[in-house]
Structures are given as C-alpha cells and as structure tokens.
Amino acid sequence: MEDFEEQEIDLRKYFSIVYKRRWTILAVFGVFLFFGVLITLRADPVYQSKARILIEKGSTDVSIEDIIAGAASPFSRDYFPTQYKIISSRAVAKKVIKNLNLENSTEFFPPEKDDFISNMIGGVKDFAGSIKKSLAGLLKKSKEGPTGESSIEPDIDPGLVSAFVQRVDVRQVEDSKLVDVAVEAKNPAMAAKMANALVDAYIEHSLETKLESAKDAVKWLSERIDEERAKVEEAENRLLRYKEEHGILTEFSDDVESINAEKLARLEQQVVEAESRRVEAQTRYRQATTLEETPDQLDSIPEVLSNEIVQEIKKMEVDLYNRRSELSKKYGSNHPQMVAIRSELDELRKRKIQEVKQIVNSLKNEYKLAVAREESLKAALAEEKAKTLAMNQKAIQYSVLKRQAESSRQLYDMLIKRFKETSLTEEMKGGNVRVIDRAEVPRTPIKPNKKRNVLLAAVVGLMLGVGLAFFLEYLDNTLKLPEEISEYLGIPFLGAVPAFEKEAQKKGTEKPELIALNAPKSTASESFRGVRTAILFSSPEKAPSAILVSSSGPMEGKTLCAANLAITMAQSGSRVIILDCDMRRPRMHRLFGVARQTGLSNYLVGSAGIKDAIFPTAVENLHLAPVGPIPPNPSEILGSQRMDAFIHALKTKYDRVIIDSPPVSAVTDAAILSQKVDGILLVVRAGETPRQMVQAGLAKLRAVNAHVLGGVLNGVRIDRDGYYYQYYYYSYYGEDEEEGGKKGKRKKSGKKKQKAA
C-alpha cells in the first residue's frame with residue numbers, strides 16, 4: 001500500500017512538472033509539427049519502379065581466370081551478396097548516368113523555385129557551396145603539380161553518383177534466385193527508365209568483367225606458356241646430357257633392378273661355393289703334404305685310393321707277393337726268380353711313390369685353382385656391387401631430372417589446355433543473368449507518407465518538448481514544492497503563501513501588501529491563517545510566543561510574511577507586537593504608516609523607554625516597535641542585554657512577539673536574535689531561491705543551535721503550479737461570495753472542498 005502511494009505521489013509530481021512547463025512543451029511541439037507539415041507539403045512525390053532479374057550460378061568448372069581476376073566463386077557463400085553490392089555500386093551507377101545523360105536531367109538538377117522559403121534555403125545552400133568550393137580550391141592547389149595543373153582527369157560528379165546510388169534498393173526474393181532492383185525518382189517514367197537502365201548496365205558490367213578477366217587470363221597464360229616452354233626444354237636437355245654423359249641407354253625400370261639383384265645373388269652363391277671348394281681342396285692338399293714323407297700311409301688319401309694306376313700297382317704287388325711266397329717255399333732268397341720278384345717289387349714301389357707325388361701335385365694344383373676361382377668370383381662380386389651402387393646413384397639423379405622434365409611438361413600441357421579454354425570463354429558473350437520482368441511506370445508515389453510524417457513530427461516534438469521540460473526542471477535548483485522543504489532542508493513545512501500582489505491590486509486597496517487586513521477572505525489570507533495554525537501547533541508543550549521571521553537571502557518576502565502573519569494572529573484575538581529588527585533595510589513602519597523617528601534603537605541605546613518605542617497600528621490587538629534611527633553597529637545593539645530585557649518584557653505583555661530580521665546569509669543579526677526567541681520561521685521564495693543558499697543559511701542557524709520552527713514557501717504561482725497546490729488552497733475562501741454572478745464557480749469549489757475533506 002505504501003509503495004502504491006509513493007508511486008502515485010511521483011506521478012503527480014511528474015504531471016505537475018509537465019503542467020508547469022506546458023508552454024515550453026507546446027512551443028517545441030508546435031515548432032516540430034509546423035516544420036513537419038511544412039516539409040511534408042513542400043516535399044515532391046517520389047515514385048519507385050522495380051525490375052526483377054534472375055541470377056544463376058556459373059559452371060561447375062572454376063576456370064583459372066576466376067582465380068587470376070579474384071572473382072567470387074559461384075559456389076562461395078558470398079557470391080549472391082557480392083552481386084547485390086555490384087548492382088548498387090558506383091561503377092554501374094556511372095554507366096547508367098552516362099547512358100541516360102542524367103548529368104543534364106531535371107530529375108537530379110531541378111529548376112529552383114521562386115518563393116521565400118526556397119530563396120532562403122537556396123541562399124543557405126549557396127553560402128555552404130561557396131565555402132565548399134573555397135576549401136576544395138585550397139585542397140586542389142595543394143595537390144597540383146609543378147605546372148599548376150591537376151593530374152586528375154574530370155569525371156562524373158561524385159555527388160550525382162552518390163545521389164543515384166542512394167535511390168537504388170536491391171533485395172532478394174525470399175527462397176529464390178530472383179532479385180528485385182528498385183529505383184526511386186520524382187518522375188514515374190524516369191524511375192522505370194532508370195531501373196531498366198540499371199539492370200542493363202549490370203548485365204553489361206558482368207559481361208565486361210568476365211571478358212576482361214578472360215583477357216587478363218589469356219595474357220597471363222601466354223606469358224606463363226612461354227616461360228614453361230623454356231623450362232621444359234631446359235629440363236629435357238639436362239636429362240639428355242646426363243644420359244649421354246653416363247651412357248644410359250635404357251630406362252631405370254623395376255625389371256633392371258630385379259635382374260641386377262638376381263645377378264648379385266648368383267655371384268654371392270658362387271663365391272660361397274668357391275670358398276667351400278677352396279677349403280676342401282686346401283684340406284686335401286695339406287693332408288697329402290703331411291703324409292708325403294710316409295708313403296705307406298698315403299693310401300688313406302681318397303685320391304690315392306681312387307687312382308687306377310695306384311690300384312693296378314697294388315694289384316701287381318699283391319701278385320708278386322703271392323708268387324714270392326710260393327717261390328720262397330721252393331727256392332731260397334738268393335734264387336734268381338726271388339731276386340727278380342724283389343726287383344719288380346722295388347720297381348713297383350718306386351712307380352707308386354712317383355704316382356702318389358703326381359696325385360699330391362694334382363691336389364696342389366686343384367687347391368691353387370680353387371683359390372684363384374674364389375678370388376676371381378669375389379672380384380666379380382665386388383665389381384658387380386660397385387656397378388649396382390653406381391647405377392643406383394645414376395638412377396636417383398636420373399629420376400630427379402626425369403621428374404622435373406615430366407612436371408614441367410605436365411604444367412606446360414595444362415597451361416596449353418587452359419589457354420584454349422580461356423580463349424573460347426573470351427569469344428563467348430553469354431551470361432548467367434536474365435531479366436524476368438522489366439520495370440514499369442508506377443502509378444502512385446511511395447513518398448512522402450503525409451500521415452506518417454505528421455504523426456512522427458508530432459510524436460518527436462512532444463517527446464522532445466517533454467524531455468526539454470524535465471531537463472529545465474533538472475537544471476532548476478530552486479525550491480518549489482512542499483516536500484522539497486523537508487527533503488532538502490530537513491525542517492517542517494508550515495505552509496505555502498501564493499503571490500498576492502495582483503489579487504490585492506484588483507481589490508483596489510491602498511496597501512496591497514497587507515492582504516490579510518484588506519482582503520481577509522482571499523486565498524493569501526487563508527494561507528497566512530494556515531501558517532499561523534501550523535506555528536501554534538509546532539510545539540507539543542506550548543505555542544511559541546517570540547517568533548523570529550527571516551530568510552536566507554534578500555527579496556524573499558519575509559517582511560510581508562511577518563506583517564500578515566502578525567495580522568492574522570491579532571485577528572484571532574491574541575495580543576501581538578511586531579519588532580522591526582531589520583536595521584539595514586527597515587520597512588515595517590511604511591507598511592503600517594508609523595513614523596520611525598523613535599523606536600527600538602532609541603530604547604536599546606537608553607534614549608527612550610519601552611512605551612516610547614511601541615506604537616499602535618490600524619489592526620486591533622496589533623502594535624509595532626519600529627526600528628528607529630539606524631545605528632552604526634546593529635549586531636552589537638541587537639545582541640545586548642537590553643535587547644534580552646526588552647523581549648522578556650514584551651513576552652509578559654503580549655501573547656505573540658513577531659520579529660522581522662535581516663537575511664541570515666547577509667549579516668549575523670538573525671543568528672544573534674535566534675538565541676533570544678522561541679523559534680525561527682524561515683521564508684523561502686518559491687521558484688527563485690536556490691536551495692544551496694537556503695541550506696547555507698540553515699547551516700549558520702544550526703551552528704548556533706537555533707530552533708527552527710519550519711519553512712514557508714512564499715510567492716507561489718497558483719496559475720503555474722495550480723495542479724499541485726490544489727491540495728493546499730481552498731478557492732471557496734475567495735471572492736466568489738462577494739460576486740453574485742459567479743455562483744456556478746462557488747458550487748464547483750464547494751464540491752472540490754468536499755473531495756479534499
């Protein structure tokens with residue numbers, strides 16, 4: 001419930017700000033609305049014509065000219081967005097401008113209107129143009145060469161190109177390859193003409209771009225073909241020279257390598273076999289050599305045993321031994337036959353030894369032959385290995401040179417193929433863009449939208465007006481509302497007093513300042529009575545009898561508030577006296593028509609008594625102690641003991657003592673008097689006094705421990721802040737009862753009173 005009440009108060013506060021600044025809001029709103037309507041009515045109608053085209057992706061074979069020219073691949077995601085940007089590009093726009101001669105068209109260079117507003121706008125444009133030309137001239141001089149002539153060739157006006165591009169709108173039709181190309185113009189026929197010309201220029205630009213890319217590709221390919229042809233020739237010549245230098249007749253194939261491997265394997269096998277034979281021959285030879293001295297044991301040698309001659313000799317020896325054995329039985333050892341047998345046996349033994357030696361020599365020769373064969377095979381194996389290694393080295397270098405030659409040949413063949421393809425592409429003039437619908441002359445304009453423009457101007461004007469109002473309110477640091485008294489000053493709010501000078505002047509009273517006396521039923525009088533009631537109930541124990549009325553600065557109406565407050569207290573039956581302690585700028589004596597030759601200063605200096613310093617006024621129960629002659633030292637006099645005694649004496653004689661003092665921030669008189677009274681009433685001029693000044697004055701009073709009863713907002717403009725202050729004023733106390741012709745207003749006011757109650 002509390003949150004709801006706070007929100008309601010805030011909304012009321014915001015509404016009061018809007019109400020108070022209503023003329024500012026209305027002024028801004030009116031200016032924006034006026035110019036919005038004026039611009040809308042003066043704006044030329046704008047037409048839009050739309051052409052529809054189909055953009056298809058190109059061939060799946062991405063040619064080399066696309067890579068060379070840097071063109072977007074038809075399969076890239078940004079292909080279509082790139083085409084849309086090309087349609088609205090400045091290059092295509094220049095083609096349209098040249099084709100339609102828009103540099104001399106009234107569409108972009110309309111004749112000037114001869115009226116006041118047009119002349120005024122034209123003057124501003126001419127002035128801006130002269131400044132622009134001057135700056136351009138300075139920049140041009142800085143860019144000119146030594147001869148003073150610019151190196152930049154004249155071209156189409158960039159401003160015209162920008163103006164045309166701004167009128168182009170390219171949009172893709174959803175879920176399709178169709179594209180809408182729209183162009184705006186003031187002339188409907190010109191809009192259709194420019195849209196069709198833009199589509200044609202885009203198609204022409206696409207073909208030209210493609211052909212230029214093909215030409216660049218052909219040129220590049222021609223240069224590369226010449227370079228690659230020379231590289232091919234050089235690579236093949238290096239390969240040929242290498243074959244000639246190393247005697248290479250055939251290619252190094254896998255078959256050649258396998259044959260070499262088989263040959264090496266056979267040689268290695270033969271070497272192993274030769275080594276075995278050599279070892280075997282060496283073993284037989286060494287065995288025969290060791291047994292050569294013991295012929296009887298030579299029979300253990302296999303070669304001897306297998307020799308036919310040796311076997312024949314052995315057989316003959318066996319026969320001789322048999323005959324000798326038979327003859328020995330008949331004859332003695334010296335028998336000629338026995339001697340002949342022994343002689344034959346000796347001869348056979350010699351022949352056998354000789355034959356064995358021949359066998360040993362044959363083993364030796366066989367051993368030497370095995371050694372020679374082994375060495376020969378090892379030499380052949382080493383030679384074959386060296387040949388194989390040399391061949392492998394040749395094969396590596398040969399392969400390198402061959403691959404270089406083959407890669408150069410392949411690249412050369414590919415360039416030849418691309419060259420032929422690109423040459424064909426250059427001769428073709430087909431494209432992937434087709435016109436589906438040509439632009440037609442529109443019938444109705446799309447701009448200006450009068451209702452939308454006027455509504456937008458009204459909304460913007462209202463928003464800016466309200467924003468300006470709140471900004472001005474933010475910059476306003478004065479105190480205007482009752483809650484600001486409590487929020488910023490920290491003192492009770494005792495009431496608000498409206499600005500009553502005009503109201504009193506309407507009554508034609510002699511002294512309009514004393515409105516509580518001359519117009520007791522006015523709103524201001526009722527406000528003073530409300531302040532009087534708030535003061536009387538400001539203390540829970542008893543009402544304050546001595547009250548100091550002051551303000552933080554001059555011209556805040558403290559003197560009038562003190563006078564009218566005293567009048568309302570006197571009208572209630574209380575005995576009241578006013579002390580004019582403003583010895584800087586006294587005014588009370590003029591308000592009540594009392595002479596100030598004798599007054600408070602006379603008593604304080606001892607030149608007059610209390611009765612001599614007090615004078616009656618035209619108000620019953622109200623007396624006045626004027627300031628008297630202005631002393632040179634007001635602060636010292638007001639702070640004297642005689643002042644304490646004077647106030648004390650008045651308290652015993654009067655119910656209320658109202659003291660008017662100088663402003664708190666100006667002099668120290670108010671701070672001195674604050675120690676001699678029961679409370680201080682601080683008057684604040686609504687909407688004029690900065691709160692920092694009031695806070696500074698309060699700080700001085702709090703520094704001396706003064707008792708501040710509260711604050712009064714003076715000079716409230718009811719006509720300006722009437723919405724907010726309707727809770728503080730009651731119009732039925734006004735002059736309605738005295739004016740018989742305004743009974744209706746009196747009844748309405750009574751209803752408001754009932755609602756307020």
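Treat the numbers as computed from the prediction; the structure is a model and nothing was measured.

Draft legend 1. Quick look at the overall build of the chain. Looking only at helices and strands, the chain features 27 helices and twelve strands. Evaluated residue by residue, the chain yields a buried proportion of 37% over its 757 residues. Taking all contacts inside the chain whose residues are at least 6 apart in sequence as the whole, residues at least 24 apart take part in 81%. Only carbon and sulfur atoms are counted for the fraction: they give 54% of the accessible area of the chain, which is about 44,500 Å².

Draft legend 2. Spotlight on the packing of aromatic side chains. Within this structure, the stated rule accounts for four aromatic pairs. Pairing Y79 with F80 gives two aromatic rings, centres 5.3 Å apart and planes at 80°, and the pair type is edge-to-face. This pair shows no difference in class: Y79 is buried, exactly as F80 is. With centroids separated by 6.5 Å and ring planes inclined at 45°, the aromatic side chains of F108 and F164 adopt a geometry described as tilted. Of the two residues, F108 sits in the loop between α5 (90-100) and α6 (116-143) while F164 sits in helix α7 (residues 158-166), which places them 56 residues apart along the sequence. The buried category is assigned to F108, whose relative accessible area is 13%. Note that R167 overlies the ring of F108, its terminal NZ or CZ placed 4.3 Å from the centroid. Geometry around Y603 places R642 over its ring, the cationic atom sitting 4.4 Å from the centre.

Draft legend 3. Broad picture of the packing of helix α17 (residues 523-536) against helix α18 (residues 558-571). For the pair α17 and α18, interaxial distance at closest approach is 9 Å and the crossing angle is 75°. As judged from the angle between their axes, α17 and α18 are roughly perpendicular. Along the contact surface, α17 presents S525, F528, R529, V531, R532 and I535, while α18 presents L560, C561, N564, L565, T568, M569 and Q571. A breakdown of the residues in the contact of α17 with α18 according to their chemical character gives seven nonpolar, four polar and two charged.

Draft legend 4. A look at the sheet that holds strand β10 (residues 656-660). Read across the open sheet, the eight strands follow the order β5-β12-β11-β6-β10-β7-β9-β8; overall the sheet is mixed. At either margin of the open sheet sits one strand with a lone partner, and together these are β5 (493-498) and β8 (615-616). Alignment of strand β6 (residues 546-551) against β10, held across four bridges, turns out to be parallel. In the sheet register, L548 faces β10, and the bridge partner there is I659. Contacts from α18 reach β6, β7 (576-580), β9 (622-625), β10, β11 (679-685) and β12 (708-716), with the element oriented near 170° to β10. Contacts from helix α25 (residues 691-703) reach β11 and β12 within the one sheet, and its direction differs from that of β11 by about 170°.

Draft legend 5. Quick look at the confidence of the model for the chain. Summing up the model confidence of the chain, the mean pLDDT is 77 and the portion of residues at 70 or higher is 76%. Confidence drops under pLDDT 50 across residues 59-65; counting only partners more than four residues distant or on other chains, this segment forms 17 contacts. A low-confidence stretch, residues 67-75 stays under pLDDT 50, and its non-local contacts, those more than four residues away or across chains, total 14 contacts.

Draft legend 6. Looking closely at the sheet that holds strand β1 (residues 47-55). With antiparallel pairing, the four strands of this open sheet are ordered in space as β2-β3-β1-β4. Whereas interior strands pair on both sides, the edge strands pair on one side only; in this sheet they are β2 (168-172) and β4 (433-437). Each adjacent strand pair in this sheet contributes to an overall mean axis angle of 30°, direction not counted. Of the strand pairs in this sheet, β1 and β4 are connected by four bridges, and their pairing is antiparallel. Its bridge partner being in β4, R52 is matched across the sheet by D437. Across the sheet, helix α4 (residues 79-87) touches β1, β2 and β3 (178-185), and the angle it forms with β1 is around 140°.

Draft legend 7. Molecular detail of the pairing of β9. Where β7 meets β9, four bridges bridge the pair, whose relative direction is parallel. Directly across from I578, in β9, lies its bridge partner L624. Both β8 and β9 contribute to a ladder of two bridges, which runs antiparallel. Along β9, the bridge assignment pairs P616 with H623. Counting the residues that bridge the hairpin from β8 to β9 gives five residues, and of these N621 lies at a positive phi of roughly 70°.

Draft legend 8. How the structure looks around a nonpolar patch on the surface. On the surface, V31, F32, F34, F35, I39 and L464 cluster together to form a nonpolar patch covering roughly 580 Å² of accessible area. With five residues, the single largest contributor to the nonpolar patch is helix α2 (residues 22-42). When you line up the elements, F35 lands in helix α2.

Draft legend 9. Representation of the nonpolar core. Counting residues in hydrophobic clusters, the biggest one holds 42 residues, and the most contacted among them are L579, M643 and I659. Of all the elements, helix α23 (residues 641-653) adds the most residues to this core, at four residues. Setting aside residues no more than four positions away along its own chain, L579 makes contact with A625, M643, F646, I647, L650, V657, I658, I659 and D660.

Conventions used here
- Residues numbered from 1 in each chain as written.
- Predicted model: local features only at pLDDT ≥ 70, side-chain atom pairs only at ≥ 80, totals over all residues.
- Heavy atoms only, no water.
- Helix = DSSP H or I, 4+ residues; strand = E, 2+ residues; numbered from the N terminus.
- Buried < 20%, exposed > 50% of the residue type's maximum accessible area, 1.4 Å probe, protein only.
- Contact = heavy atoms within 4.5 Å.
- Areas by Shrake-Rupley, 256 points an atom, 1.4 Å probe, with all protein chains shown as cover.
- Phe/Tyr/Trp six-rings, centres within 6.5 Å; stacked < 30°, edge-to-face > 60°.
- Lys NZ or Arg CZ within 6 Å of the ring centre and 35° of its normal.
- Axes fitted to C-alpha atoms, helices over the stretch in contact; angles between N-to-C directions.
- Parallel < 35°, antiparallel > 145°, perpendicular 65-115°, else oblique.
- Nonpolar A, V, L, I, M, F, W, Y, C, P; charged D, E, K, R; others polar.
- Pairing = 2+ DSSP bridges.
- pLDDT = per-residue confidence, 0-100.
- Patch = residues over 30% accessible without salt bridge, like charges linked within 9 Å, V, L, I, M, F, W, Y side chains within 5 Å.
- Salt bridge = Lys/Arg side-chain N within 4 Å of Asp/Glu carboxyl O.
- Core = buried A, V, L, I, M, F, W, Y, C linked by side-chain atoms within 4.5 Å.

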